[in-house]
Amino acid sequence: MSCHKSYITTPIYYVNDVAHIGHAYTTIIADTLARYARLIGEDTFFLTGTDEHGQKIQEAAKKRGKATQAYADEISAKFKTLWDEFDISYDKFIRTTDADHMAGVQKAFSVMYDKGDIYKDAYKGHYCISCETFFPETQLVDGEFCPDCGKSTSIVEEESYFFKLSAYQDKLLDWYKNSPDCILPKSKRNEVIRFVEGGLNDLSITRTSFDWGVKLPKSFNDPKHVMYVWLDALMNYVTALGYGTDEKNMDFWPARVHLIGKDILRFHAIYWPAFLMSLDLPLPKHIGAHGWWTRNGEKMSKSKGNVVNPKEVADAYGLENFRYFMLREVPFGGDGDFSQRALMDRINSDLGNDLGNLLNRLIGMSGKYFEGRVECDLVEKYYKEELDEVQVSLNKLEPMLFELQLHKYLEELWRPLTVANRAIDKYQPWSMIKEGKTDETMALNGLIATILAKVSLMLHAVMPKTTNTIVNALGFDIDPNSFEKIIRNGEKLEPFVTQKREPLFPRIEEQLLVEKKPEKEVKKESKKEEKKEPDNIALIGIDQFFETSLKIGTVVEAQEVKKSKKLLLLQVDIGEEKPRQVVAGIKESYSTEDILNTQVCVVANLKPAKLMGMKSEGMLLAAKDSDGLCLIRPEKPKSVGTPIS
RNA sequence: CGCGGAAUAGAGCAGUUUGGUAGCUCGUCGGGCUCAUAACCCGAAGGUCGUUGGUUCAAAUCCUUCUUCCGCAACCA
């Protein structure tokens, strides 16, 4: 092995989320790699955990009337429990609220600062308080207003520490170019390269607007700052190994692979390596970004009620079957579709027919012809050709795994099963036994057993318990020792005796879970969810409501905005001298014909904003859910300029 | 013209670097077999390789036109 230490990570999951299939997918891929690494005898460290800092958590806890830490404890425990139920073999579950993590982050901050990569800036102007974001002069609307929310930006309001990300642009590009596999799949690497080539801005890495985070080291004597969530979160990958504290496991660094979802690619592929360079730490070998899961071809969303609950699926169909399905079904990096049909097909066809049934055939034949005895001594003598064919497939496997080509890995791993099933047909043991070819028949059973053993060993990382059940029937256990013997050294199986057993993968004839609820129920449910909202939103007085000027307007002109997916450029008459120009993000749901000469509700006293270079002097009221957007219109035509209240 | 990717059998995909008989999995149809979970094995049908033009003895592959889809960026007042 090229590296005898294997460090494998998942992201730390944000505790404001509920665990969904995406979390499960990342974690299962990582678990598979970790299990395989252990099986081949590598010293392995597998990390997962939770990200618990940030304003959102602080607010969420407050709303529920809980202490922030208590709230974080609660949700973090839910993730941990889920992974335990999912048989995830993590070596450490890190929490960003762990004392040694926080100490490590502070240490890193000092190191970066001493290196000159962090500077404090009183950032003159252009900080939007409500968006908590800085904007360069060029992006501001009319030289003052926030391009995001249109509110006035402030000049000296917020001070912040900055990380000199811009200084690492060339070094990052060198890394991408010199390490073709640093970001997988390759298409994502290209994306990152293009982005970095476009120029990097320095990164604001502290906040003063909330305090639920890691404080700066005491030596800075600057207590109002807490570290920004990405610096805090990303550092977990090394603090988990003892960075900045006992350094106990730092010899696992650099990571063999960071597994992530494609949504957080930029943080991992740009910020993280830059931080590491600043800390003079080596860079990870691979960053693997996987795609999304859809449900029956549709995007999953709460309002559609079609979110896949991984626990529910695992309970119904079997955890390891589900693992197999997720890894086999989609090419790494691509989006995958979850449907019970596809899952059932995989279980019945791949697992039941090809694998489980092969074990049954062996049990049947050995039972009928040899009272269950299976011996492998003569396998090579009679079936060399088949053994060689199997070996060709096995030899291809390992590189695929560490290149994250799990679907190809499993596809290739199934070839030996076909070799076995075909051999039975070809040599017809039921005829051989009648002809007195006892040795040949025994050897054929030995061949099947050998193939089952090898496939089980190579499948173990994906289906740990199931494969152990199989090899137990073949008289041994899966461990690094048996792996070494049977896979690496090609040793023969010891003689064993088979026993009848229930099929490993009973056929599934009907969907086990009730599919998507009827439309009406879904709507009810989403209404319920919406009802919850008011509890969380502060009440306002009527005066405050009247601060918003809403008016009826008629769209007198409408045209598409070129190069924009969402924007329409409208002229709306709201009873003033001239129609207002409004840039509305409704192109995906409304064409220019749909909206021309129709009436809409306009927010008339919004500060002007600039969108893709065009001035917008108002906004249209609309309701948006996952199915798209719907304008709010007067039920009957009203004269333009009519106030709404 | 912001950057990039993709379009191949009913479905999902490989093949394109380096032009030379279009392949895999599932599904469908036909046959075989009985050790086995209506499982297994063999065979067949099914594709003008998105569109236009070109280079070439020869194009899914190289160049060109257009169309559609998808990422990223931008943007959602």
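Computed from a prediction, not measured in an experiment: that's the story for all the values here.

J.: Which parts of the structure should I look at to understand the overall build of chain A?
T.: Within chain A, the regular secondary structure consists of 22 helices and 26 strands. Burial statistics for chain A: of 645 residues in total, 51% are counted as buried. Across chain A, contacts joining residues at least 24 apart in sequence account for 73% of those joining residues at least 6 apart.

J.: Sorry if this is basic, but what is going on with the nonpolar core here?
T.: The tendency in soluble globular proteins is for nonpolar side chains to be buried as a group. Of all hydrophobic cores here, the largest spans 111 residues; its most connected members are Trp83, Leu413 and Leu474. Ranked by residue count, the leading element in this core is helix α17 (residues 438–459), at 12 residues. Leu474 has contacts with Leu359, Leu362, Ala449, Leu452, Ala453 and Phe496, leaving out every residue within four places of it along the chain. Counting 61 residues, the second largest nonpolar core, distinct from the first, contains Leu172, Val192, Leu241 and Ala255.

J.: It is not clear to me how the sheet that holds strand β3 (residues 92–95) should be interpreted in this structure. Could you clarify?
T.: Within a sheet, neighbouring strands are paired by backbone hydrogen bonds and run either parallel or antiparallel to one another. Read from one edge of the open sheet, six strands run β3-β2-β1-β12-β13-β8, paired in parallel fashion. Every interior strand has two partners, whereas the edge strands, β3 and β8 (183–184), have only one. As defined by bridge partners, strand β12 (residues 257–261) adjoins strand β13 (residues 286–290) across five bridges and the pair is classed as parallel. Paired with Leu259 across the bridge in β13 is Gly288.

J.: Explain the side chain of Thr441 to me, please; I cannot follow it from the model alone.
T.: Tracing the backbone shows Thr441 in helix α17. The exposure class of Thr441 is buried, given its relative accessible area of 0%.

J.: Even after reading the chapter, I still don't get empty space enclosed by the protein, so can you show me in this structure?
T.: One simple way to see leftover space: roll a probe sized like a water molecule over the atoms. Going through the model one piece at a time under the given rule, you end up with two cavities of 30 Å³ or more. Approximately 40 Å³ is the volume found for the largest cavity. Considered class by class, the residues forming the lining of the largest cavity number eight nonpolar, one polar and no charged.

J.: How should the packing of aromatic side chains be read in this particular structure?
T.: Any aromatic ring pair is given by two values, namely how distant the centres are and how the planes are angled relative to each other. Tallied over the full model, the rule gives 30 aromatic pairs. Between Phe163 and Phe275, the aromatic rings sit 4.9 Å apart at their centres with planes inclined by 80°, giving edge-to-face as the arrangement. One end of the pair, Phe163, is in strand β7 (residues 160–163); the other, Phe275, is in helix α9 (residues 265–278), and 112 residues separate them in sequence. The same class applies to Phe163 as to Phe275, namely buried. Summarising the aromatic geometry, the rings of Trp175 and Tyr176 are spaced 5.7 Å apart at their centres and angled 45° between planes, so their arrangement reads as tilted. Accessibility assignment for this pair places Trp175 and Tyr176 in one class, buried. Feature note: the residues Tyr7, Phe45, Tyr237, Phe252, Trp253 and Trp272 constitute an aromatic cluster, connected by ring pairs. Arg207 extends its terminal NZ or CZ atom over the ring of Tyr228, reaching a point 4.3 Å from the ring centre. A cation over an aromatic ring shows up here: Arg256 above the ring of Phe402, its NZ or CZ 3.6 Å from the ring centre.

J.: How do you make sense of the pairing of strand β19 (residues 568–573) when you look at a structure like this?
T.: Within a regular strand, the side chains alternate between the two sheet faces. Of all six residues in β19, five are buried, a share of seventy percent or more. In this sheet, β19 lies alongside strand β18 (residues 550–560) in antiparallel orientation, the contact comprising six bridges. Across the sheet, Ala558 pairs through a bridge with Leu570, a residue of β19. The sheet contact formed by β19 and strand β20 (residues 580–584) spans five bridges and is antiparallel. Each residue of the ladder has a partner; that of Val572, found in β20, is Arg580. Between β19 and β20, which pair antiparallel one after the other, the connecting turn spans six residues, and Gly575 there sits at a positive phi close to 80°.

J.: Would you explain the sheet that holds strand β4 (residues 118–121) in this entry?
T.: The sheet built from three strands is open, its strands ordered β4-β7-β9 with antiparallel pairing. Both outer strands of the open sheet, β4 and β9 (203–204), are each paired with one neighbouring strand and no more. For β4 and β7, the ladder comprises four bridges, and the chain directions are antiparallel. Its bridge partner being in β7, Ile118 is matched across the sheet by Phe163.

J.: Even after reading the chapter, I still don't get the confidence of the model for chain A, so can you show me in this structure?
T.: Detailed reading of predicted coordinates is not advised where the pLDDT is low. Here chain A averages 85 in pLDDT, and 87% of its residues register 70 or above. For this predicted complex, the interface score ipTM comes out at 0.90, while the overall pTM is 0.83.

J.: What is the right way to read the domain arrangement of chain A from this model?
T.: Interface size is commonly expressed as the accessible surface area that is lost when the partners come together. Segmenting chain A into domains produces domain 1 (337–497) and domain 2 (542–631). With centres defined by C-alpha atoms, the gap from domain 1 to domain 2 works out at 65 Å.

J.: Explanation requested: the packing of helix α10 (residues 310–317) against helix α11 (residues 319–329) in the structure shown.
T.: Relative orientation and spacing of two packed helices are given, respectively, by the angle between their axes and the distance between those axes. Axis separation between α10 and α11 bottoms out at 6 Å; the angle between their running directions is 115°. It follows from the interaxial angle that α10 and α11 lie roughly perpendicular. Here Pro310, Val313, Ala314 and Tyr317 of α10 lie close against α11, whose contacting residues are Leu319, Asn321 and Phe322. A per-class count over the contact of α10 with α11 returns six nonpolar, one polar and no charged.

J.: Can you walk me through the pairing of β7 in this structure?
T.: Neither face of β7 is exposed, since Ser160 and Phe162 on one face and Tyr161 and Phe163 on the opposite face are all buried. Two elements, β7 and β9, share two bridges in a ladder whose sense is antiparallel. Of the residues in β9, the one forming a bridge with Phe163 is Leu203.

J.: Quick question: what am I supposed to make of the environment of Ala24 here?
T.: Relative to the assigned elements, Ala24 resides in helix α1 (residues 21–39). On the basis of relative accessibility, which here comes to 0%, the residue Ala24 falls in the buried class. The spatial distance from the C-alpha of Ala24 to the C-alpha of Pro399 is 24 Å, given a sequence separation of 375 residues.

J.: Which parts of the structure should I look at to understand α1?
T.: Side chains three or four residues apart in an α-helix point the same way, a direct result of the helix having 3.6 residues per turn. Helix length check: α1, at 19 residues, gives a terminal C-alpha distance of 26 Å against a target of 27 Å (1.5 Å per residue), a fit within 8%. Taking burial as the measure, the 19 residues of α1 include 18 buried ones, the bulk of the element. Where α1 terminates, the next one or two residues include Gly41, which has phi positive at roughly 90°.

J.: I'm lost on the packing of helix α13 (residues 379–402) against helix α14 (residues 406–413) in this one. Help?
T.: Between α13 and α14, the least distance of the axes is 9 Å, while the angle of their chain directions is 165°. Taken together, the axes of α13 and α14 lie roughly antiparallel to each other. Crossing hand, α13 versus α14: left-handed. For the pair α13 and α14, contact is made by Ser393, Leu394, Lys396, Leu397, Met400 and Leu401 and by Leu406, Lys408, Tyr409, Glu412 and Leu413, respectively. Tallied by class, residues from the contact of α13 with α14 come to seven nonpolar, one polar and three charged.

J.: What is the right way to look at α10 in this model?
T.: Along α10, the positions that sit buried rather than exposed are Pro310, Val313, Ala314 and Tyr317. The buried residues of α10 occupy an angular sector of 100° when projected down its axis, which confines them to one face. Residues of α10 that are buried in the fold lie against α1, α11, β15 (336–338) and α12 (340–370). Among the residues of α10, the N-terminal cap falls to Asn309, whose side-chain oxygen and the backbone nitrogen of Lys311 are separated by 2.9 Å.

Cut-off values and rules
Residues numbered from 1 in each chain as written. Chains lettered and ligands numbered in written order. Predicted model: local features only at pLDDT ≥ 70, side-chain atom pairs only at ≥ 80, totals over all residues. Heavy atoms only, no water. Helix = DSSP H or I, 4+ residues; strand = E, 2+ residues; numbered from the N terminus. Buried < 20%, exposed > 50% of the residue type's maximum accessible area, 1.4 Å probe, protein only. Contact = heavy atoms within 4.5 Å. Core = buried A, V, L, I, M, F, W, Y, C linked by side-chain atoms within 4.5 Å. Pairing = 2+ DSSP bridges. 1 Å grid on protein atoms, 1.4 Å probe; cavity = no way out; pocket = protein on both sides within 12 Å on 5 of 7 lines; lining within 4 Å. Points joined across faces, edges and corners; volume = space filled by probe spheres on them. Nonpolar A, V, L, I, M, F, W, Y, C, P; charged D, E, K, R; others polar. Phe/Tyr/Trp six-rings, centres within 6.5 Å; stacked < 30°, edge-to-face > 60°. Lys NZ or Arg CZ within 6 Å of the ring centre and 35° of its normal. pLDDT = per-residue confidence, 0-100. Domains from an automatic or database assignment. Axes fitted to C-alpha atoms, helices over the stretch in contact; angles between N-to-C directions. Parallel < 35°, antiparallel > 145°, perpendicular 65-115°, else oblique. Expected span 1.5 Å × (residues − 1). Left-handed = near helix turned anticlockwise from the far one by under 90°. Arc of directions from axis to C-beta. Polar contact = N/O pair within 3.5 Å; in protein donor to acceptor, adjacent residues only side chain to side chain.

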